[in-house]
Amino acid sequence: MSVDGDPPLIQARGLTKRFGGFVAVDGIDFDVHRGEAFGFLGPNGAGKTSTMRMIACMSPVSAGTLRVMGLDPATAGPRIRARLGLVPQDDTLDLELTVRDNLLVYGRYFDLPRKLIRQRTDQLLEFAQLTERANDKVDPLSGGLRRRLTIARSLISEPDLLLLDEPTTGLDPQARHLVWERLYRLKQQGVTLVLTTHYMDEAEQLCDRLVIMDKGRIAAEGSPRQLIDHHCTREVLELRFGPDDDHSALADKLDGVGSRVEVLPDRLLLYTANADAALAEATTRGLSPESWLVRRGTLEDVFLRLTGRSLAD
Amino acid sequence: MSTRPAIRSLAYWTYQYRRTWRATLASGFLMPVLYLTAMGLGLGSLVNRHAAPTRLGGVSYLVFLAPGLMAAAAMQSATMESTWPVMGGIKWTKTYHAMLATPLRVSDVLYGHVCWMALKVSLVSTIFLGVMAAFGAPRSPEVVLAVPVAVLTGLAYATPFAGFVATRQSDQPIIAIYRFLIIPMFLFSGTFFPVSQLPAAIRPLAYVTPLWHGVSLCRALSLGDATPAAALGHVAYLVALTVIGLAIARRTFASRLAA
Ligand SMILES: Nc1ncnc2c1ncn2[C@@H]1O[C@H](COP(=O)(O)OP(=O)(O)OP(=O)(O)O)[C@@H](O)[C@H]1O
Ligand SMILES: [Mg+2]
C-alpha cells in the first residue's frame, strides 16, 4: 500500500478536539497513506465529523499533532485546502442557483480560470450523471441528486485527497451504488479517500483500512477482513426461541460451544468457527430453537461488539 | 495573476445578485420616489407653509429631507444585508461553510461579504442620488460626495450587526434590531426634523447614533454648507464604528465558523 519512506498523506498523533470542557476527539493516532481508502466508523457522536473538520483545516486542533500532506493545518490551511475536496455531512449547496452555477461559483473560490471551470463542470456533471439537470435549480432536487452534486462540486479542484462525511446517508440503494462506483473510480485514478459512514457494507465495499471510533477514541483499526478475524468469528449462529423461554438459562447450556454467546432480547448469537457443528451440539444439549440462521461474521458484529448495543445519544 | 481571496468570496455575492437585481433595482427607485413625493412634496407643502423658515435652515422641506433620507436608506439597506444573509451564510444556505472548505479563510469570507454590503449600499445610494436630483433637491454639486458618506454610514451599521448576528442562534434578535434600533433611529436621528427639536435631555442619544452623523454630513454636502472640520468629525466617527465593528466581527466569525 505505502512504499517504505513515503510519508503518510495524513498523520495524527494524540489528536484531540475539545469544545469547552467537552472532549469530542480524545487523543487519537492514525496514518492515511497516499492512494488508499480510509474509513472512520462510529456511532452518533463518536467524533467522526470533528476529526474530518480538523483534517480539512476548518476546525483548529485542540491538542496533539496533525500533518496533512506534510503541512500543519494551523499555518497552511489555505494551501492544504487547495488540494483537498470536502463532502460535508450537511449539504452546503446554494439552493437558489442552478446545478451548473453551483459548480462555477465553487470553482472560483479556488481561483481556477473560468474556462477551466466550465470544462471541468461539463465532465463532472457527466461523472455524477447530472448533465440533464445542469440548468435546473438545486432546490427541487432530491437528496440523492444533491449528494451527487456535492460530490461533483468537491472534485472541481481535482483534489489529491477527498474527505467524505457520510457520503451516502439518506440515499436509496441505486444512488448509493452509483456513488460507490464513482468513488471506486476516483480511487483507481489515485485519489486518496477518507470517509465516515454508519454503513458496514459501505465500509467493506470502499475501505482498504478503517478505524472504529467510540466516544472520541479509536476502538480498533485494520482492514475489514482483519477486524472480522480479530474481533469476531468466521461464522455466527442465530437461535430464536419462544417468547417465554429464559434466554440466559439457555445461554448457560451452550457454555463451551463456540467462542462466545451473546444474549439478545429476541435471540441468542453464538460466535463460532463452524456454525453447523455448533447447531448440532446445541441440539444434542437439548435446545430446541423455533428457528435458526447460519451466517458469516460481519463487520457489523465487530462494530456492535466494540461499541455496544445501546444507543449512543 | 491570482485574484485576492476576499474578492473571490465577494464574487459569490455579486453572482447570486444576478438572480434578484431587477426586483431590488425597482424598489431602489420606487422607495425614494414614494418617500420624496409623499413626505417631501405632500407633507412638505404643509411644513413650508407653517414652519418658521429658519428652523430648516431656510430651505424647503424637500431639500431638507432628501439628503437625510438618503443616509437613512443606506442604514436600512446595510442592515438588511448584514443580518439575514449573515445568519443564512452560517445556518441556512451555509454559504460560509462552503467557502471555508476551499482555500478561503474566515477573514476572506467576512471581508468579501462586507465588500458586497458596501457595493450594495453604493448602488442604493447612487440610485437615491439620481431620484433626488430629479426632484431638484440638491443645492450643491458636492452632493455627489454624499454617496460615499452614505456608504460609510451603512458600514458603521453593517459591521457591528454582522459581528453580532454571528453570535446568535436564531433570527429573533434580528427582528429586535429592527424594532428597537433601526425604527427609532430612522425616526429620531434628524432625518425628518432637526435633532434640535428634540427635548434637550434626549438629544445626546441622537448624537451618538451613526445615522445622525450620516444625515448631518449628507445634508451639509447637499446644501453646500459643509465645513472641513465638521465633515472630518463625522467621517472619523463613522470610520471608527466601522473598524470596531469589523474587529468584533472577525472574532465572532472565527469563533462561530472555525470552532
Ligand atoms: N461546535 C460544537 N460545539 C460543541 N460540541 C460539539 C460541536 N461539534 C460537535 N460537538 C459534540 O462533539 C461530539 C462529537 O460530534 P461529531 O459531530 O464529531 O460526531 P460524529 O461522530 O460525526 O456523529 P454523527 O454520526 O452523529 O455525525 C458530539 O457529542 C457533539 O455534540
Ligand atoms: Mg458526523
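The preceding data block contains the structure.
In what follows, the accompanying structure is described. Worth saying up front: this structure is predicted, and the values here are computed from it rather than measured. The residue numbering used here restarts from 1 in each chain and proceeds along that chain's sequence as written. Written order determines the labels here, with chains lettered from A and ligands numbered from 1. A pLDDT threshold of at least 70 governs which residues receive local features in this predicted model, and a stricter bar of 80 or more applies before side-chain atom pairs are shown or counted, although totals over entire chains, interfaces and linings include all residues. Note that the side-chain values use all heavy atoms of the structure and ignore hydrogens as well as water.

A few words now on the nonpolar core. Think of a nonpolar core as a cluster: buried Ala, Val, Leu, Ile, Met, Phe, Trp, Tyr and Cys residues, connected wherever their side-chain atoms sit within 4.5 Å. The cut-offs for exposure are 20% and 50% of the maximum accessible area for each residue type, with area from a 1.4 Å probe on protein chains only; residues under the lower value are buried, those over the upper are exposed, and the others partly exposed. Within the largest apolar cluster, 158 residues are counted, with the highest numbers of intra-cluster contacts made by Phe30 of chain A together with Phe253 of chain B. Domain extents, as shown, originate in an automatic or database domain assignment. Two domains each put at least three residues into this core: domain 1 (10-223) and domain 2 (233-297) of chain A. Once residues lying within four places of it in the same chain are set aside, the contact partners of Phe30 of chain A are Ile10, Gln11, Ala12, Arg13, Leu15, Phe38, Phe40, Thr51, Ile55 and Ile218 of chain A. Counting 14 residues, the second largest nonpolar core, distinct from the first, contains Leu237, Leu250, Leu254 and Leu268 of chain A. The contact rule is simple, with two residues in contact once any of their heavy atoms fall within 4.5 Å.

Moving on: the sheet that holds strand 8 (residues 209-214) of chain A. Residues and elements named next belong to chain A. Here, a strand pair is defined by DSSP locating no fewer than two bridges between the strands. Per the convention used, a helix needs a DSSP run of H or I reaching at least four residues, while a strand needs a run of E reaching at least two, with both numbered from the N terminus. Across the sheet, 6 strands lie side by side as 5-6-7-3-8-9; this open sheet has mixed pairing. Only two strands of the sheet have a single neighbouring strand rather than two, namely strand 5 (84-87) and strand 9 (217-222). The mean inter-strand angle of the sheet, taken between neighbouring strand axes irrespective of direction, is 15 degrees. Relative to strand 7 (residues 192-197), strand 3 (residues 37-41) runs parallel, the two being bridged by 5 bridges. When the bridges of strand 7 are listed, Phe38 appears paired with Val194. Strands strand 3, strand 6 (161-165) and strand 7 of the sheet are contacted by helix 6 (residues 173-188), whose axis makes an angle of about 155 degrees with strand 6. Between the N-to-C directions of two axes lies an angle of 0 to 180 degrees, each axis being a line fitted to C-alpha atoms and, for a helix, fitted only over the stretch in contact.

The next subject is the interface of chain B and chain A. How big an interface is tends to be stated in terms of the accessible area lost upon association of its parts. Each partner contributes residues to the interface: chain B has 22 residues there, and chain A has 26 residues. Should a side-chain nitrogen of Lys or Arg be within 4 Å of a carboxyl oxygen of Asp or Glu, the pair is scored as a salt bridge. Our enumeration of links across chain B and chain A arrives at 2 salt bridges. Residue Arg19 of chain B is joined to Asp94 of chain A by a salt bridge in which the shortest nitrogen-to-oxygen separation is 3.8 Å. Pairs of N or O atoms are called polar contacts if they sit within 3.5 Å, as long as, within protein, a hydrogen donor faces a hydrogen acceptor (for residues adjacent in sequence, only side-chain-to-side-chain pairs). The tally of links between chain B and chain A comes to 9 residue pairs in polar contact (both at pLDDT 80 or more). Sorting elements by how many residues they give to the side of chain B that touches chain A places helix 5 (residues 95-100) of chain B first, with 5 residues. Gly falls in the polar group here, along with every residue not listed as nonpolar (Ala, Val, Leu, Ile, Met, Phe, Trp, Tyr, Cys, Pro) or charged (Asp, Glu, Lys, Arg). Its residues placed into classes, the side of chain B that touches chain A shows 11 nonpolar, 7 polar and 4 charged.

The next point concerns the site of ligand 1. Residue and element names in this part refer to chain A. Ligand 1 sits among 14 residues. The nearest are Gly45, Gly47, Lys48, Thr49 and Ser50. Between ligand 1 and the protein, one listed contact pairs an oxygen atom with a side-chain N or O atom of Lys48 at 2.7 Å. One of the side-chain N or O atoms of His198 is found 3.0 Å from an oxygen atom in ligand 1. Look at ligand 1: alone it shows 630 Å² of surface, and the protein chains cover 64% of it. For the shell around ligand 1, a count of residues per class yields 5 nonpolar, 7 polar and 2 charged. We define proximity as follows: a residue is near a molecule or strand when any one of its heavy atoms falls within 4 Å of that partner. For the area figures, the Shrake-Rupley method with a 1.4 Å probe applies, and any residue is considered shielded solely by the protein chains shown.

Glancing now at a nonpolar patch on the surface. All names here are of chain B. Residues qualify for a patch when their relative accessible area is over 30% and they have no salt bridge, like charges being joined within 9 Å and the nonpolar side chains of Val, Leu, Ile, Met, Phe, Trp and Tyr within 5 Å. A surface patch of nonpolar side chains, about 280 Å² in accessible area, is lined by Leu30, Met31 and Leu34. Mapping Met31 onto the fold places it in helix 2 (residues 21-50). Judged by its relative accessible area of 41%, Met31 is partly exposed.

Residues and elements named next belong to chain A. Residues other than glycine seldom take positive phi values, yet Cys57 does so here, at roughly 60 degrees. Here Cys57 shows up in the loop between helix 1 (48-55) and strand 4 (63-68). The phi dihedral of Asp111 is positive, around 65 degrees, even though this residue is not glycine. Examined against the element boundaries, Asp111 turns out to sit in the loop between helix 3 (99-109) and helix 4 (114-127). Judged by its relative accessible area of 19%, Asp111 falls in the buried class.

Each regular strand displays side chains that alternate between the two surfaces of the sheet. Residues and elements named next belong to chain A. Across the 5 residues that make up strand 3, a large majority, 5, are buried. Covered by surrounding structure in strand 3 are Ala37, Gly39 and Leu41 together with Phe38 and Phe40, the residues of both alternating faces. Both strand 3 and strand 8 contribute to a ladder of 4 bridges, which runs parallel. Looking at the pairing, Leu41 lines up with Ile212 of strand 8.

On to a positive patch on the surface, then. Together, Arg114, Lys115 and Arg118 of chain A together with Arg18 of chain B make up a region of like positive charge exposed at the surface. For Arg18 of chain B, the location among the structural elements is in the loop between helix 1 (5-17) and helix 2. Charged residues are defined narrowly, with Lys and Arg counted positive, Asp and Glu counted negative, and His plus the chain ends left uncounted. Where a charge lies is defined by one atom per residue type, namely NZ (Lys), CZ (Arg), CG (Asp) and CD (Glu).

Residues and elements named next belong to chain A. At a minimum axis separation of 9 Å, helix 8 (residues 224-231) and helix 11 (residues 299-307) run at an interaxial angle of 60 degrees. On the basis of their axis angle, the class for helix 8 and helix 11 is oblique. In terms of crossing hand, the pair formed by helix 8 and helix 11 is left-handed. In contact with Pro224, Leu227, Ile228 and His231 of helix 8, helix 11 contributes Leu299, Val302, Arg305 and Leu306. An angle below 35 degrees is treated as roughly parallel, one above 145 as roughly antiparallel, one from 65 to 115 as roughly perpendicular, and anything else as oblique. Whether a crossing is left-handed or right-handed is set by the direction in which the near helix is turned from the far one by less than a right angle, anticlockwise for left-handed and clockwise for right-handed.

For the rest of this paragraph, the subject is the pattern of salt bridges. Residues and elements named next belong to chain A. Considering all chains together, one arrives at 29 salt bridges over all chains under this definition. For Glu96, the salt bridge is made with Lys137, and the minimal N-O distance between the two is 3.2 Å. Here the residue Glu96 occupies a position in the loop between strand 5 and helix 3, and Lys137 occupies one in the loop between helix 4 and helix 5 (143-154), the gap between them amounting to 41 residues. Between Arg185 and Glu181 there is a salt bridge, with the nearest N and O atoms lying 3.5 Å from each other. On the criterion of helical spacing, the pair formed by Arg185 and Glu181 is a turn pair, its members being 4 residues apart in helix 6. A relative accessible area of 33% means that Arg185 is categorised as partly exposed.

Quick look at the packing of aromatic side chains now. Residue and element names in this part refer to chain A. Stacked, tilted and edge-to-face are the three classes assigned to paired rings of Phe, Tyr and Trp, where Trp is represented by its six-membered ring and a pair needs centres within 6.5 Å; plane angles under 30 degrees give stacked, over 60 edge-to-face, the rest tilted. Under the defined criterion, the tally for this structure stands at 15 aromatic pairs over all chains. With centroids separated by 5.4 Å and ring planes inclined at 75 degrees, the aromatic side chains of Phe38 and Phe40 adopt a geometry described as edge-to-face. Overall, the relative accessible area of 0% leaves Phe38 in the buried class. Overall, Phe40 belongs to the buried group, its relative accessible area being 0%. An aromatic cluster of three or more residues is present, and its members are Phe30, Phe38 and Phe40.

All right, on to the side chain of Glu81 of chain B then. All names here are of chain B. Structurally, Glu81 can be placed in helix 3 (residues 61-82). Side chain to side chain, Glu81 and Lys120 meet in a polar contact 2.9 Å long. Among all residues touching Glu81, those that are not within four sequence positions of it are Val86, His113, Trp116, Met117 and Lys120.

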